[in-house]
Amino acid sequence: MENKACFHCGDDCGNHPVVFQEKSFCCNGCKTVFEIFSDNDLTCYYDLQNAPGAIPKEVEGKYDFLSQENIIEKLTEFRGDSVEITTLYIPHIHCSSCIWILENLNKLNPNISDSQVNFGKKTVRVTYNSETTDLKSVVILLSSIGYEPYISLDDFESGKKHINRTLIYKLGVAGFAFGNIMFLSFPEYFEINEFWLEKYKHFFRWLMFALAVPVVFYSAQDYFISAYKGLKAKLLNIDVPIALGVSVLFIRSTIEIAFDIGSGFFDSLAGLVFFLLVGKFFQQKTYNFLSFERDYKSYFPIAITKIDRDGDENAIQVYDIKKGDRLLIRNEELIPVDGILINGRAKIDYSFVTGESQTVSKQSGDKLFAGGKQTAGVIELEAIKSVEQSYLTQLWSNDVFNKNKEDGFTNITNAISKHFTIAILTIAIIATTFWLFTDASKAMNVFTAVLIIACPCAIALSAPFTFGNLLRIFGKLKFYIKNASVIEQLAQINTIIFDKTGTITSNKRSNAKYDGENLSESESLVLKNSLRGSNHPLSRTLYNILDEHNIITLDQFEEHVGKGIEAKHDDISLKIGSASFVGNPGISPTLNTTVHISSNNTYKGKFTFYNSYRKGVAKLFNQLKKHFDLVILSGDNEGERENLKKLLPAKTKLIFNQKPEDKLEFIKYHQSEGAKVLMVGDGLNDAGALAQSDVGISISEDVNVFSPACDAILDATKFKDLYPFIKASKSAIKIIKWSFVLSFIYNVIGLYFAVTGQLAPVVAAILMPLSSISIVVFTTICTNILGRKLK
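Residues numbered from 1 in each chain as written. Predicted model: local features only at pLDDT ≥ 70, side-chain atom pairs only at ≥ 80, totals over all residues. Heavy atoms only, no water.

## What to know about the overall build of the protein
A tally of helices and strands in the protein yields 29 helices and 28 strands. The buried share among the 791 residues of the protein stands at 52%. Sequence separation of at least 24 residues holds for 66% of the intrachain contacts in the protein that already meet a minimum separation of 6. Surface exposure of the protein reaches about 36,900 Å², of which carbon and sulfur atoms provide 54%. (Helix = DSSP H or I, 4+ residues; strand = E, 2+ residues; numbered from the N terminus. Buried < 20%, exposed > 50% of the residue type's maximum accessible area, 1.4 Å probe, protein only. Contact = heavy atoms within 4.5 Å. Areas by Shrake-Rupley, 256 points an atom, 1.4 Å probe, with all protein chains shown as cover.)

## Notes on the packing of helix α10 (residues 201-219) against helix α12 (residues 240-258)
The contact between α10 and α12 brings their axes to 11 Å, and the two run at 160°. Judged on the interaxial angle alone, α12 and α10 are roughly antiparallel. Crossing geometry of α10 relative to α12 is assigned as left-handed. Together, Arg205, Trp206, Phe209, Val213, Val216 and Phe217 of α10 and Val246, Phe250, Thr254, Ile257 and Ala258 of α12 make up the contact between the two elements. Along the lines of polarity and charge, the residues of the contact of α10 with α12 split into nine nonpolar, one polar and one charged. (Axes fitted to C-alpha atoms, helices over the stretch in contact; angles between N-to-C directions. Parallel < 35°, antiparallel > 145°, perpendicular 65-115°, else oblique. Left-handed = near helix turned anticlockwise from the far one by under 90°. Nonpolar A, V, L, I, M, F, W, Y, C, P; charged D, E, K, R; others polar.)

## Points about the nonpolar core
For soluble globular proteins, nonpolar side chains are generally found buried alongside one another. Judged by nonpolar contacts, the single largest core of 51 residues is most densely connected at Phe479, Ile496, Phe498, Ile504, Leu624 and Leu678. Of all the elements, helix α28 (residues 722-755) adds the most residues to this core, at 10 residues. Excluding residues within four positions of it along the chain, phenylalanine 479 makes contact with Phe474, Leu490, Ile697, Ala712, Ile713, Leu714 and Phe725. The next biggest cluster of nonpolar side chains, apart from the first, holds 29 residues, and it includes Ala174, Leu211, Val216 and Ala220. (Core = buried A, V, L, I, M, F, W, Y, C linked by side-chain atoms within 4.5 Å.)

## Quick word on the sheet that holds strand β21 (residues 572-577)
Pairing is antiparallel across the open sheet formed by six strands, whose spatial order is β18-β23-β22-β21-β20-β19. Both outer strands of the open sheet, β18 (511-516) and β19 (556-560), are each paired with one neighbouring strand and no more. Each neighbouring strand pair of the sheet contributes to a mean axis angle of 15°, computed without reference to strand direction. Alignment of β21 against strand β22 (residues 593-599), held across four bridges, turns out to be antiparallel. By the bridge assignment, isoleucine 576 is partnered in β22 with isoleucine 597. Contacting β19, β20 (564-569), β21, β22 and β23 (602-610), helix α21 (residues 521-532) crosses the sheet at an angle of about 50° to β21. The sheet contacts of helix α22 (residues 537-545) involve β18, β20, β22 and β23, and relative to β23 the element is tilted by about 95°. (Pairing = 2+ DSSP bridges.)

Right, dumping it as structure tokens:
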């Protein structure tokens, strides 16, 4: 076939093009997208896929095993009453058209509600209605449009990963060619005038050309593809100068041997590509070794309450959960593992998993899936598997909860690199023009050497390695950050807002005094069990203070955020919360935090709390006052104002009686005035404020309510170290800037030798990956030193 270019996307890869209507396509995605838009009728296309005989003969009957219940159970990550979710490995994902078609499966099959592609891992995560379609139908649909999934139950059960060895193959080809071309070039290096060498030099030169061809068109193809796609999108990415340098070397060398001008630069060309791939391989191996993302996710700090055989309740970290453990799930808590419901009324919100907010009621003996949130009081379940951290953490970035704080935020690398390519191309053109008039024989050497020596790989590596290593270090120190960009945003903070209850106060050390009518034994029982189901800091404190009572299942439980709890058991109906909520707004306000109780619409009394502040609060605020505007934004009354004035620096703003929506508006206003706001709260009542702030940190103490609104979670025992963590984030920016300086110095020195014609392209090709390696070593060592200072 003469025309190898894809009719849809223009990709000239030539990888077994698909033919449709006498047109060539690089993949089924491009063919399908063209077919859909040419028909301009998605419904017709769906009908085509479901017509008799539409299922390809090669897959008909092939996937009958997907109708077996035990296999479906293993291949699906979530199974609800009407919703199932599966992640399938698709080896044939090739380009943006593939992504488009796979993320629009719902247009081909309306029973599929969502599909998300992970291009790097070549997987698609499909959510579908299990009542109207099934896993087998989804797989057959994918196969029918040219994206047959690779399904191996052995791989699934053993957790093996699909290893892409393409880089190793390309490196092998480039290394083989580089070694042999260097060997064939030795006579040219030393100008040996042996008869047989002179006689066969043309053969040797064309042999070098033959060895260089797979280096350019196979080993270096990723750089050309990336550069082409960048230029097509009107972007000058970092691969443009590399692709240009390789092209110039190959074309110039081919011209030289064709017209018998010289032996060309095939040795330099092969060396350039080989050392580029060595640097790329080193970078990939280093990332796999450090495993930044996996490490910080493995420390994800959702704690849970475990009930032992004696009925004692103890908080444990989720990664300590074992099969058979009995777990207590409170209201608004996330279910961390798949389990069987043992006790309680389960009303599960699976919106974290499915995106649908409708709750599902479950009975004792029903299976509950990880990722669901209990919304109707306390339940008990038995774990049927250990926790999978990667599954929990993917909830943090679920599209349902995306409020992209990075919109309008330009990271430090992009701010510099966008000017880099233009500057290097300008220098290369000016230097080449100069040498064309001065000494034309050096012009091509200068041009290629400039493009090679000034490769911006070092700049591109600085931020990922610095932030990635710091993520890992922070995680070990119980400061768990959502992603690397949060560190960069944390370094720009100039205003810090704290919640009071549960944030700067300790729930464990607070005490409360009851004032009012004595509660009956039945009322005390219902009160204790009502508090048991809540995660509000005051509820947790009061629950720990009250005497032990039997565990009962409440008939009704409802928690009103920012107001209180309603609970019912038999003929007792309790309200626990603010005075107005329990139905007695006429009570004169007190200066201390209080929780009021009413039983069957009769006011009973109140618990008055006496706060105990976290260790190191005064020292922390004194450290912060020199660098930030500080605010205490509390929903409590002003009873603690005098104590806080004595404890905190004089310039700290103290604002009380703030509802959750008031906190959000307060932050929004200050942001409009130019403030970069860090919000530190308890994760539940402060969810809106955490989401609105530039950076939101949730404090975790024993049991933490999962909050996708927050950007980081700080263990309560590390609260006093908040300033060192912020300081380390600012130091990380300095490390990146210093690495930029080192890269700049290296480029200036390298460019001097390149522009003056003293640097051969092959030497530049060796030095370039060495510069990348030095940046990686520098940033890793500096961040490790930074980590030691935090300990």
